[in-house]
Every structure is written in structure tokens, then in C-alpha cells.
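Listed below are the residues making up each chain.
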Amino acid sequence: MTESALATQCVVIGAGQAGLSVAYYLQRLGLEAGEEFVLLDRGPSTGGAWQHRWASLRLGSAHRVNDLPGMDELGISFGTADRDTPAREVVMDYYRQYEEHYDFKVVRPATVTRVTDAGGPLLVDIRTEGGDLELLGSTIVNATGTWGSPFVPWYPGLRDFAGRHVHTAEYSAASDFADQDVVVVGGGTSAIGFIIELESVARSIAWSTRRDPQFIDGPSLNLEDAVAAVAMQDEAARAGRALPSIVSGTGVPRTRRIQAALDRGVLVSRGVIQRIEPDGVRWEDGSFSPATAIIWATGFRPELRHLAPLKLREREGGVTVASHHSERDGRIFFAGYGPSASTIGAARAGRNIARQVVATLSRLGR
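Residues numbered from 1 in each chain as written. Predicted model: local features only at pLDDT ≥ 70, side-chain atom pairs only at ≥ 80, totals over all residues. Heavy atoms only, no water.

Novice: Break down the overall build of the protein chain for me, with residues and values.
Specialist: Tallying secondary structure elements over the protein chain gives seven helices and 17 strands in all. Scored against the burial criterion, the 366 residues of the protein chain give a buried share of 49%. Sequence-distant contacts, at least 24 apart, represent 68% of the contacts inside the protein chain between residues at least 6 apart. Entry remark: accessible area of the protein chain is about 16700 Å², with carbon and sulfur atoms responsible for 47%. (Helix = DSSP H or I, 4+ residues; strand = E, 2+ residues; numbered from the N terminus. Buried < 20%, exposed > 50% of the residue type's maximum accessible area, 1.4 Å probe, protein only. Contact = heavy atoms within 4.5 Å. Areas by Shrake-Rupley, 256 points an atom, 1.4 Å probe, with all protein chains shown as cover.)

Written as C-alpha cells, this is what we have:
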């Protein structure tokens, strides 16, 4: 640590839905943005993970995007947003307006490389375009989400595949797979969206899921209504286990687009892959599907690598989080982790986290 390290009362890492929600409530509780709390974001622009999503994705074709707290003051709402404009453009624009309206003074692009205990405050190492910085924070709110930590499950022969591996985080457009044999792996809305887009483009499509897809009635999914899924996330977070898949507890809503694809017989899973071969995949029943590309719509894991020096992880693979703070270190809070990962969950968690941050600062005499 250098003597020139800057200091603040709270460092919020991530300016997606969770980080912006926390910033809003910190400001409401009297902390000044840019001084008493600092909001860092590694993205080149506003919008959190949405800025990286593929151009064909539209609002209403994935999990519902709920408004951030105080967004009504700007006269904008995702509920009335344009459904013909790419979702990433809508979210980026709305988040930009939101940041500017509340003057959060977001520092970007700023990547947090590690957080260490400086013997009282926490030292945050930051990489920026202008060079490396150090920032001392009495408390940390980790709101980094999952986009930067894509997950690809292991299968026998995974590294022997001669074609392309493409994760959701790398997917750009269906046209990239024109006249190719494609295997899509994953049972969520992203996998289904890819299949529908590829239907008229790819030479062949095979779909792999670990369990039979569960389609539920209704055009959209509000994760707060999926009580079982939220409870599973909360239980795992409190126990320090790796977080379970959301879709496994919620199912996939039958939008008109999805129902039409079901009626056409497009959305039929081949089940579990037995092994991957250089030119395709072998299924559990012994049959074979050729493949020049495998799209891994297999989700993400919480991005926590920068917190590794604090040794918060449990043997079970997760971080023990109760009431949004680490059980191992009460100065570390988690927004958008576990049951607060949905947009409405993040808004509610933001208020609770901000209150706890202020209470912790009071106890620390800050």
C-alpha cells in the first residue's frame, strides 16, 4: 500500500442493477457519491452485463427487467420500453440517464483486481486505462454479478472437439453459424432463444439438457414469484454452498415465440451428452450428432476472484452470506448474490444493504 492511496467509507464494485440500487439508497441515507462512497464499474459503458448481450435480444424475451429504485423520477420504465429496440441499447440508455440524474460519479472502466485487509480498512486494487490505483474502503459492497465468470461443464472429450466452443458471453449473432451443425447445451431462456434464432440459419441443431425442460404458463417470469427458486438460492448462500441454477427452480415461461417453436417441434431435447468427439457429440443412447460448433448456454458463476485474498470461500464452494453480508467478515456485503440476483430482488436488497453499511460505519466510528 502506498501513502497516496485514496480513502472512502464504502466501495461499491459494479454498476449493474445491484450496484446502482445500493448507490441510490446510500445516497438517500446521506452519503455523498464520489466522496463518502465510490462506485466502480469495469464496463466501458453503462448497462452492466446488458451492454455485452447479443443484438437480437429484446426486452420481454428473457427474464423481466424491473425498474431501479427512483427510476420513476426520470419518467422512464422498462415496463413501457420499446420492444423493437435491442435490449442492450434500452438498458444502456436507461442506466445512463439514471446515473446522470443521480450524479453517482461512476468510475469506469475500472477493474478491481483484488481486495485485501489492510489492518482496519480494506485495500482495493484497481486497474484503469490511466494506470493502477489503490483505494481504501471501510466497507465493501460486491455487486459484480456473474457475466465475467462464464461456466462450461466438463464432459469426456471436451478438449478433443475440433470445432468452436462458444459460450453465451461470446455469442454475437445466429449468422455466425450459417450452414453449420450446432449443438446447444443448456435448459434456460438463452439456450432456447439461440435454438429459435438458429432454426432458419444452421444446417442442423441438436439440443442437450440435463433434465427435461419445464415450460410454465405465462409470457414472462418474475423471479420473486418463484418462491422455491429464491429459497434455494437463499439456503445455499447461508450455507456457503455453490449457488444452484435459477432455471432449475423456476422453469421457462411459454411466450408466444416459445410456444410457436414448441408447436413446430423445434424444442426437443436429446438429453445428456455422453461424450464429445472431434466432429460431434455422442448421446447416452449411443446415437451421434455431427457438430462444427457447440454453444454453451450453461450459465455463469458469481464473480468473486478479486475477493480471494480475504479467504471468504467455504469448502462447499460458496461464500456464507446471511442478511447480505459475509459471515466471515462483516465489512463485506453482497448485492445481486443468491436470492437478490433478480432485478426486483436487487432493488429490495439495495435498501437493506445500504442501511447495514451505514450501521456498520457507525459501529466503526466512521
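Novice: Run through the sheet that holds strand S13 (residues 288-290), naming residues and quoting values.
Specialist: Strand order in the open sheet made by the three strands is S11-S12-S13, with antiparallel pairing throughout. Where the open sheet ends on each side, the last strands, each with one partner, are strand S11 (273-277) and S13. Each adjacent strand pair in this sheet contributes to an overall mean axis angle of 20°, direction not counted. Here three bridges tie strand S12 (residues 280-283) to S13, and the two strands are oriented antiparallel to one another. (Pairing = 2+ DSSP bridges. Axes fitted to C-alpha atoms, helices over the stretch in contact; angles between N-to-C directions.)

Novice: Explain helix H2 (residues 87-102) to me, using residue names and the numbers behind them.
Specialist: In this model H2 runs 23 Å from its N-terminal to its C-terminal C-alpha over 16 residues, within 8% of the 22 Å that 1.5 Å per residue would give. For H2, the full list of buried residues reads Ala87, Val90, Val91, Tyr94, Tyr95, Tyr98, Glu99 and Tyr102. Along the long axis of H2, the arc covered by the buried residues comes to 155°, so they all point the same way. Against the buried residues of H2 lie helix H1 (17-28). Of the residues flanking the end of H2, it is Asp103, one or two places downstream, whose phi is positive at about 50°. (Expected span 1.5 Å × (residues − 1). Arc of directions from axis to C-beta.)

Novice: Can you explain unusual backbone geometry? Please cite residues and give values.
Specialist: Of note, the amide linkage connecting Arg108 to Pro109 takes the cis form, showing an omega dihedral of -10°. Turning to its location among the elements, Pro109 is positioned in the loop between H2 and strand S3 (110-117). A positive phi angle, near 50°, is found at Asp103, a position not held by glycine. Its place among the elements puts Asp103 in the loop between H2 and S3. On the basis of relative accessibility, which here comes to 43%, the residue Asp103 falls in the partly exposed class. Phi angles above zero are rare outside glycine, and Asp179 is one such case at about 60°. With respect to the helices, strands and loops of the structure, Asp179 is situated in the loop between strand S6 (164-167) and strand S7 (181-185).

Novice: Kindly report on the packing of H1 against H2, identifying the contributing residues and their values.
Specialist: The N-to-C vectors of H1 and H2 enclose an angle of 20°; their axes lie 11 Å apart at closest approach. Looking at the two axes, H1 sits roughly parallel to H2. Here H1 and H2 pass one another in a crossing that is left-handed. Every residue of H2 that contacts H1 at Gln17, Leu20, Tyr24 and Gln27 is listed here: Tyr95, Tyr98, Glu99 and Tyr102. When the residues that make up the contact of H1 with H2 are grouped by side-chain class, the tally is five nonpolar, two polar and one charged. (Parallel < 35°, antiparallel > 145°, perpendicular 65-115°, else oblique. Left-handed = near helix turned anticlockwise from the far one by under 90°. Nonpolar A, V, L, I, M, F, W, Y, C, P; charged D, E, K, R; others polar.)

Novice: Could you give me a rundown of the environment of Ile192, with the residues and numbers involved?
Specialist: Summarising the element assignment, Ile192 is placed in helix H3 (residues 189-198). On a C-alpha basis, the gap between Ile192 and Ala297 in space is 9.0 Å, while along the polypeptide they are 105 residues apart. Sequence-distant contacts of Ile192, defined by excluding residues within four places in its chain, comprise Trp207, Phe215, Val252, Ile258 and Leu267.

Novice: Please provide a residue-by-residue account of the packing of aromatic side chains, values included.
Specialist: Using the criterion set out here, one finds 13 aromatic pairs in the structure. Each ring, one from Trp147 and one from Phe300, has its centre 4.9 Å from the other, and the planes form 25°; the classification is stacked. With Trp147 in the loop between strand S5 (131-142) and S6 and Phe300 in the loop between strand S14 (293-296) and strand S15 (321-322), the pair connects residues that are 153 residues apart, well separated along the chain. Judged by its relative accessible area of 13%, Trp147 falls in the buried class. With a centroid separation of 6.0 Å and an interplanar angle of 10°, the aromatic rings of Tyr171 and Phe177 are classed as stacked. Accessibility assignment for this pair places Tyr171 and Phe177 in one class, buried. Grouping aromatic residues by their ring pairs yields a cluster made of Tyr24, Tyr25, Tyr98, Tyr102 and Phe104. Over the face of the ring belonging to Trp50 we find Arg53, whose NZ or CZ atom lies 4.5 Å from the ring centre. One residue, Arg301, lies across the ring of Phe151, its end atom 3.7 Å from the ring centre. (Phe/Tyr/Trp six-rings, centres within 6.5 Å; stacked < 30°, edge-to-face > 60°. Lys NZ or Arg CZ within 6 Å of the ring centre and 35° of its normal.)

Novice: Talk me through the sheet that holds S6; I want residue IDs and the actual numbers.
Specialist: The pairing of strands in a sheet comes from backbone hydrogen bonds and takes either a parallel or an antiparallel form. Strand order across the open sheet formed by four strands is S6-S14-S7-S8, with parallel pairing between neighbours. The two strands at the open ends of the sheet, each matched to only one other strand, are S6 and strand S8 (204-208). Direction aside, neighbouring strands of the sheet carry axes that sit 20° apart on average. The sheet strands contacting H3 are S7, S8 and S14, and the helix crosses S8 at an angle near 165°.

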